[in-house]
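# Summary of the model geometry
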Amino acid sequence: MVAVSEPVRVVVVDDDPMVRRGLRLLLGGGPVEVVAEAGDGEEAVRVVAEHAPDVVLMDLRMPGTDGVAATERIRGAPGAPPVLVLTTLDSDRALVRALRAGASGFLLKDSPPDELVEGVLAVHRRRPHLADSAARRLIDLAVGSAEDEALRGARERVAVLSDREREVALAVSRGLSNTEIAEALFMSVSNVKAVVGRVMAKLDAPNRVLVANAVRDARLGDGGRE
């Protein structure tokens, strides 16, 4: 750990007085000094303006003005200190919202003292800091968001199909021949061929394999429909 010449001045924000007291005890002395506390987001904005701390430790879930809103207001002021979020990881979306609001990192509320101090010092040096478990959750959330977007795109692609065309495309994806599709959907073989041709044209899929890929990507077999 890199030594600092002056203690890093911290404001602790949490609606639970016991948590605030515990953090003050854990961070007291050494390279970190707790200069003030706040019990909600509105008070946090006032306390930060009054004490001009080097770092703000911010809880997210608080009555009234929550930690995300408070972080956004604090970070929007000139010369704003970095905000390090305290979390129990019970809301992935709240973590993302806090990042967008300007938070510099996340710490778990049950982190040991050394990790708390390390996180405070890191964001004080303008370095982002994430607890390992928070980093993994954010990565999982980012991957999930990308998958959701890919699914939306795939479903938009097949949305141009009529109900009959969707039935035929689904049958194609299951490997059925034109004769088998005709029997299953009570159609003539010539009619199946015509519908398959329209499906290929609408999906810009020149063969049955690519039609099957489009169906799979849109999860038509799972009952998915926009």
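Quick look at the structure, then.

Rules used throughout
Positions within a chain are numbered from 1, following the residues in the order the chain's sequence is written. A pLDDT threshold of at least 70 governs which residues receive local features in this predicted model, and a stricter bar of 80 or more applies before side-chain atom pairs are shown or counted, although totals over entire chains, interfaces and linings include all residues. To get the side-chain values, take all heavy atoms of the structure and skip hydrogens and water. Counting from the N terminus, the helices are the DSSP runs of H or I reaching at least four residues and the strands are the DSSP runs of E reaching at least two. Exposed residues in this analysis have more than 50% of their type's maximum accessible area, buried residues have under 20%, and partly exposed residues fall in between, with area computed by a 1.4 Å probe over protein chains only. In this description, contact between two residues means that some pair of their heavy atoms is separated by no more than 4.5 Å. Where accessible areas are quoted, they stem from the Shrake-Rupley method and a 1.4 Å probe; at the residue level, only the protein chains shown are allowed to cover. Throughout, nonpolar core names a set of buried Ala, Val, Leu, Ile, Met, Phe, Trp, Tyr and Cys residues whose side chains join them through atoms within 4.5 Å. To define axes, lines are fitted to C-alpha atoms, for helices over the stretch in contact only, and angles between the resulting N-to-C directions are given on a 0 to 180 degree scale. By definition in this entry, angles of less than 35 degrees are roughly parallel, angles greater than 145 are roughly antiparallel, angles of 65 to 115 are roughly perpendicular, and the rest are oblique. Under the convention adopted here, Pro, Cys and the residues Ala, Val, Leu, Ile, Met, Phe, Trp and Tyr are nonpolar, Asp, Glu, Lys and Arg are charged, and Gly plus all remaining residues are polar. Nitrogen and oxygen atoms within 3.5 Å of one another constitute a polar contact, given that in protein one can donate a hydrogen and the other can accept it, and given that sequence-neighbouring residues count only through two side-chain atoms. Should DSSP find at least two bridges between two strands, the strands are regarded as paired. The path from the first strand over the helix to the second decides the hand: if it runs clockwise while the strands point away from the viewer, the crossover is right-handed.

### Observations concerning the overall build of the chain
Of the regular secondary structure elements, the chain holds 10 helices and 6 strands. Taking all 226 residues of the chain together, the buried fraction comes to 42%. Nonlocal contacts in the chain, meaning residues at least 24 apart in sequence, comprise 64% of its contacts between residues at least 6 apart. With an accessible surface of roughly 12000 Å², the chain has 51% of that area assigned to carbon and sulfur atoms.

### Section: the nonpolar core
V168, I181, V199, L203 and V211 are the most contacted members of the largest nonpolar core, which totals 23 residues. Looking at this core, the elements that each hand over two or more residues are α6 (132-158), α7 (163-173), α8 (178-185), α9 (189-203) and α10 (208-218). Leave out the neighbours within four places in its chain, and V168 touches I181, L185, M187, V195 and V196. V8, L23, L57 and V123 belong to the second-largest nonpolar core, a separate cluster that totals 17 residues.

### Topic: the environment of R126
Structurally, R126 can be placed in the loop between α5 (113-124) and β6 (129-130). Among the residues examined, R126 registers a relative accessible area of 56% and is labelled exposed. When the C-alpha atoms of R126 and P82 are compared, they prove to be 7.3 Å apart, with 44 residues separating the residues in sequence. In contact with R126, not counting residues within four places along its chain, are A80 and P82.

### A closer look at the packing of α7 against α9
Direction vectors running N to C along α7 and α9 enclose 90 degrees, while the axes themselves pass 9 Å from each other. As judged from the angle between their axes, α7 and α9 are roughly perpendicular. When α7 is examined against α9, the residues R164, E165, V168, A169 and V172 are found in contact with a partner set consisting of V195, V196, R198, V199 and K202. Residue classes in the contact of α7 with α9 are distributed as 6 nonpolar, no polar and 4 charged.

### Some words on the packing of α8 against α9
Between two packed helices, what matters for the description is the angle formed by their axes and the separation of those axes. Interaxial distance between α8 and α9 falls to 9 Å at its minimum, and their mutual angle equals 105 degrees. Here α8 is positioned roughly perpendicular relative to α9, judged by the angle of their axes. Contacts from N178, T179, I181 and A182 in α8 reach V189, V192, K193 and V196 in α9. Residue composition of the contact of α8 with α9, grouped by class: 5 nonpolar, 2 polar and 1 charged.

### Looking at the side chain of D14
Here D14 lies in the loop between β1 (8-13) and α1 (17-27). Among the polar contacts made by the side chain of D14, one reaches the main-chain amide nitrogen of D16 at a distance of 2.8 Å. Leave out the neighbours within four places in its chain, and D14 touches V19, R20, A38, G39, D59, M62 and K109.

### Looking at the sheet that holds strand β3 (residues 55-59)
The strand order across the open sheet built from 6 strands is β2-β1-β3-β4-β5-β6, with neighbouring strands paired in parallel fashion. Looking at the sheet topology across the chains shown, the edges are occupied by β2 (32-38) and β6. When strand β5 (residues 105-108) meets β6, the two strands line up parallel, connected through 2 bridges. Paired with F106 across the bridge in β6 is L130. Taken strand by strand, helix α2 (residues 41-51) contacts β1, β2 and β3, and its axis lies near 135 degrees from that of β2.

### Focus on the pairing of β2
With 5 of 7 residues buried, β2 is to be regarded as a mostly interior element. Across 6 bridges, β1 lies against β2 in parallel orientation. Following the sheet pairing, V8 is matched in β2 by V32. With respect to chirality, the unit in which β1 leads through α1 into the neighbouring parallel β2 is right-handed.

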